[in-house]
Amino acid sequence: MGKKTIHVSDFSGTVLRADDEVVKVVVLEHPDLIAGPVQLDATPVEVESIDDAALDVAVVEIHDKHGGGEPRRVVLTASEFDAMATDVPMAQLLRTAERVKPPKARRGAEKVDYGTIEHAGKPHRGRVTEEEARLVRERLDEVNKRLADAGIRQIDPADPEHAERYGFPTAD
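The following refers to the structure shown. (Residues numbered from 1 in each chain as written. Predicted model: local features only at pLDDT ≥ 70, side-chain atom pairs only at ≥ 80, totals over all residues. Heavy atoms only, no water.)

Observations concerning the pattern of salt bridges
Okay, so step 1: Considering all chains together, one arrives at nine salt bridges under this definition.
Okay, so step 2: In this structure, R134 and E131 form a salt bridge, with 2.5 Å as the shortest nitrogen-oxygen distance. On the criterion of helical spacing, the pair formed by R134 and E131 is a turn pair, its members being three residues apart in helix α6 (residues 130-138).
Okay, so step 3: Overall, the relative accessible area of 28% leaves R134 in the partly exposed class. (Salt bridge = Lys/Arg side-chain N within 4 Å of Asp/Glu carboxyl O. Helix = DSSP H or I, 4+ residues; strand = E, 2+ residues; numbered from the N terminus. Buried < 20%, exposed > 50% of the residue type's maximum accessible area, 1.4 Å probe, protein only.)

So this is what it looks like as structure tokens:
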């Protein structure tokens, strides 16, 4: 017994043959989209009018007290948004408006200082500073308790790698 897989267009249910061109449509936002972006398969004919149907829109964030500290994202037609500018044309307003800097990447934004007791001894790729090594040697029990409480490996002065990394004396 064999199995046969049949691919169909998500839009029309049309059977797609192996030699048919398949267009991938990724839906990023939609009122009925619950768990993030999804991918749909279609034929080129089914999506050829999508560019003609596209709307000129403005996507804005409103930062006010109604969002509970979070901005509200609003999509409206570009003409509706343009009509809000009554002093100067919107195109001119947009050219001269203050630029918004993109948010800083969260990953590198908060640099960890391993030379402090709250971070000393945590595994990291960087070089161990003398300050971190001194803290680990002088306060090993405190460092190991903090590491154990966080579910992180503890430092063993008898381990040759740990001894070298943190400057523990070795028995040669």
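Looking at the side chain of H124
Okay, so step 1: You can see H124 is positioned in the loop between α5 (106-109) and α6.
Okay, so step 2: Judged by relative accessible area, H124 falls into the buried class, the value being 16%.
Okay, so step 3: A polar contact of 3.0 Å, which involves the side chain of H124, links it to the side chain of E132.
Okay, so step 4: Apart from residues lying up to four places away in sequence, H124 is in contact with Y114, E132 and R165. (Polar contact = N/O pair within 3.5 Å; in protein donor to acceptor, adjacent residues only side chain to side chain. Contact = heavy atoms within 4.5 Å.)

A look at the layout of surface pockets
Okay, so step 1: The computed volume of the largest pocket comes to approximately 270 Å³.
Okay, so step 2: If you go around the largest pocket, the residues you meet are V59, V60, E61, F81, M90, L93, L94, A97, E98, R99 and V100.
Okay, so step 3: Broken down by secondary-structure element, the contributors of at least two residues to the lining of the largest pocket are β5 (57-62) and α4 (90-96).
Okay, so step 4: Partitioning the lining of the largest pocket into residue classes produces eight nonpolar, no polar and three charged. (1 Å grid on protein atoms, 1.4 Å probe; cavity = no way out; pocket = protein on both sides within 12 Å on 5 of 7 lines; lining within 4 Å. Points joined across faces, edges and corners; volume = space filled by probe spheres on them. Nonpolar A, V, L, I, M, F, W, Y, C, P; charged D, E, K, R; others polar.)

Some details on the nonpolar core
Okay, so step 1: In this structure, A120, V128, A133, L135, V136, L140, V143, L147, I155, A163, Y166 and F168 together form the largest nonpolar core, which totals 12 residues.
Okay, so step 2: Residue assignment for this core shows that the elements contributing at least two residues are α6, α7 (140-149) and α8 (160-166).
Okay, so step 3: Setting aside residues up to four positions removed in sequence, Y166 forms contacts with G121, K122, V128, E132, A133, V136, R137, R153 and I155. (Core = buried A, V, L, I, M, F, W, Y, C linked by side-chain atoms within 4.5 Å.)

Some points on a nonpolar patch on the surface
Okay, so step 1: Side chains of L55, V57, V59 and V75 sit close together on the surface and give an oily, nonpolar patch of about 360 Å² of accessible area.
Okay, so step 2: Structurally, the position occupied by V57 is in strand β5. (Patch = residues over 30% accessible without salt bridge, like charges linked within 9 Å, V, L, I, M, F, W, Y side chains within 5 Å. Areas by Shrake-Rupley, 256 points an atom, 1.4 Å probe, with all protein chains shown as cover.)

Focus: the side chain of T43
Okay, so step 1: Along the chain, T43 falls in the loop between β4 (38-42) and α1 (44-47).
Okay, so step 2: With relative accessibility at 17%, the residue T43 sits in the buried group.
Okay, so step 3: Those residues in contact with T43, other than ones at most four positions away along the chain, are S9, L16, E21 and V23.

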